[in-house]
Amino acid sequence: MNSPLESKIPVKNLTIPLERDRFLRTLIHELAGTLQDVVGLEETSGFISVVGQNMGKHIDQDYKAALKVSRLTPEQVGEVLVDLKKRIQGDFYIIEQTDEKIVLGNNACPFGDKVIDRPAMCMMTSNVFGSIAADNLGYAKVELQETIAMGASGCRVVIYLQPTAEAQASQGREYFKGENDW
């Protein structure tokens, strides 16, 4: 019989749920949780917003380069938002798209179960979507109407493309294209 401190199983053969994707999602989950506990939800959302905005700019440039365009059309913005989330294992889809807004649904968060009780992590989605839409169309306001992080079975995200009365009345975060970016 093995002693409690000795095992004949080689460590490399152990079944441990640890690989890069799970590790990184857990890291972000713990970081967001620690920030929420230390500085609060609003400040944490602000920190994650900055990261999301920078990510959005990089992702936007990648799509424009691949499409060989200098600016995305409103239709392309909708397609890009869905595609980028699918590439990172989200399940976003277009519910409605007009000249004034894009309404997206989602059945699976790219962060998986690590987003539960971490609503600040949703600022990544808000800022990536908002920065891509605003950088290409001049304006965006992103409203996270329902999120998995807050216990919903899926997400409902509205990206307003124009500052309409409906957009102004919504609870969301506004994004604008920088004047030197045109």
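Residues numbered from 1 in each chain as written. Predicted model: local features only at pLDDT ≥ 70, side-chain atom pairs only at ≥ 80, totals over all residues. Heavy atoms only, no water.

Asks: Can you help me understand the overall build of the chain in this one?
Replies: Of regular secondary structure, the chain possesses five helices and five strands. Listing every helix and strand of the chain by position from the N terminus yields α-α-α-β-β-α-β-β-α-β. In terms of overall dimensions, the chain has a C-alpha envelope of 75 × 40 × 30 Å along the principal axes. Evaluated residue by residue, the chain yields a buried proportion of 42% over its 182 residues. Residue pairs at least 24 apart in sequence account for 63% of intrachain contacts in the chain once pairs closer than 6 positions are excluded. Mean positive and mean negative side-chain charge positions of the chain (19 and 25 charges, respectively) differ by 7 Å. (Helix = DSSP H or I, 4+ residues; strand = E, 2+ residues; numbered from the N terminus. Buried < 20%, exposed > 50% of the residue type's maximum accessible area, 1.4 Å probe, protein only. Contact = heavy atoms within 4.5 Å. Lys, Arg positive; Asp, Glu negative; His and termini not counted. Charge placed at Lys NZ, Arg CZ, Asp CG, Glu CD.)

Asks: For this particular structure, what's the right way to read the state of the cysteines?
Replies: One covalent bond between the sulfur atoms of two cysteine residues makes up a disulfide. Per the stated rule, a full pass over the model turns up zero disulfides. Note on Cys 122: no disulfide assigned, nearest cysteine sulfur contributed by Cys 155 at a separation of 6.1 Å. Note on Cys 155: relative accessible area 13%, which makes it buried. (Disulfide = S-S within 2.5 Å.)

Asks: Help me out: how do you make sense of the packing of helix H3 (residues 74-87) against helix H4 (residues 122-137) in this one?
Replies: Axes are the key here: two packed helices are described by the angle between their axes and the distance separating the axes. The interhelical angle for the contact between H3 and H4, taken along N-to-C directions, is 155°, at an axis separation of 10 Å. Relative to H4, the element H3 is oriented roughly antiparallel. In this structure, H3 meets H4 at a crossing whose hand is right-handed. Side by side, H3 and H4 meet where Pro 74, Val 77, Val 80, Leu 81, Leu 84 and Lys 85 of the first sit next to Thr 125, Val 128, Phe 129, Ile 132, Ala 133, Asn 136 and Leu 137 of the second. Residues of the contact of H3 with H4, tallied by class, amount to 10 nonpolar, two polar and one charged. (Axes fitted to C-alpha atoms, helices over the stretch in contact; angles between N-to-C directions. Parallel < 35°, antiparallel > 145°, perpendicular 65-115°, else oblique. Left-handed = near helix turned anticlockwise from the far one by under 90°. Nonpolar A, V, L, I, M, F, W, Y, C, P; charged D, E, K, R; others polar.)

Asks: Looking at this model, I keep getting lost on the pairing of strand E2 (residues 101-106). Mind explaining?
Replies: Here is the key point about a regular strand: its side chains alternate between the two faces of the sheet. For E2, the buried fraction is high: six of the six residues fall into the buried class. Burial along E2 is two-sided: the face carrying Lys 101, Val 103 and Gly 105 and the face carrying Ile 102, Leu 104 and Asn 106 are both buried. Across five bridges, strand E1 (residues 92-97) lies against E2 in antiparallel orientation. When the bridges of E2 are listed, Tyr 93 appears paired with Gly 105. Hairpin connection, E1 to E2: the antiparallel pair is bridged by three residues. As paired elements, E2 and strand E4 (residues 155-160) share six bridges and run antiparallel to each other. Bridged to Leu 104 within E4 is Val 157. (Pairing = 2+ DSSP bridges.)

Asks: I keep staring at the nonpolar core and nothing clicks. Help me out?
Replies: Within soluble globular proteins, side chains that are nonpolar generally end up buried alongside one another. Residues Leu 81, Leu 84, Leu 104, Phe 129, Ile 132 and Ile 159 are the most contacted members of the largest nonpolar core, which totals 35 residues. Put simply, the parts of the chain that give this core at least two residues each are helix H2 (41-67), H3, E2, H4, strand E3 (139-146) and E4. Looking at this core, the element that brings in the most residues is H4, giving eight residues. In contact with Ile 132, not counting residues within four places along its chain, are Gly 56, Ile 59, Asp 60, Leu 72, Val 80, Leu 81 and Leu 84. Listed in part, the five residues of the second largest apolar core include Tyr 139, Val 158, Tyr 160 and Ala 167. (Core = buried A, V, L, I, M, F, W, Y, C linked by side-chain atoms within 4.5 Å.)

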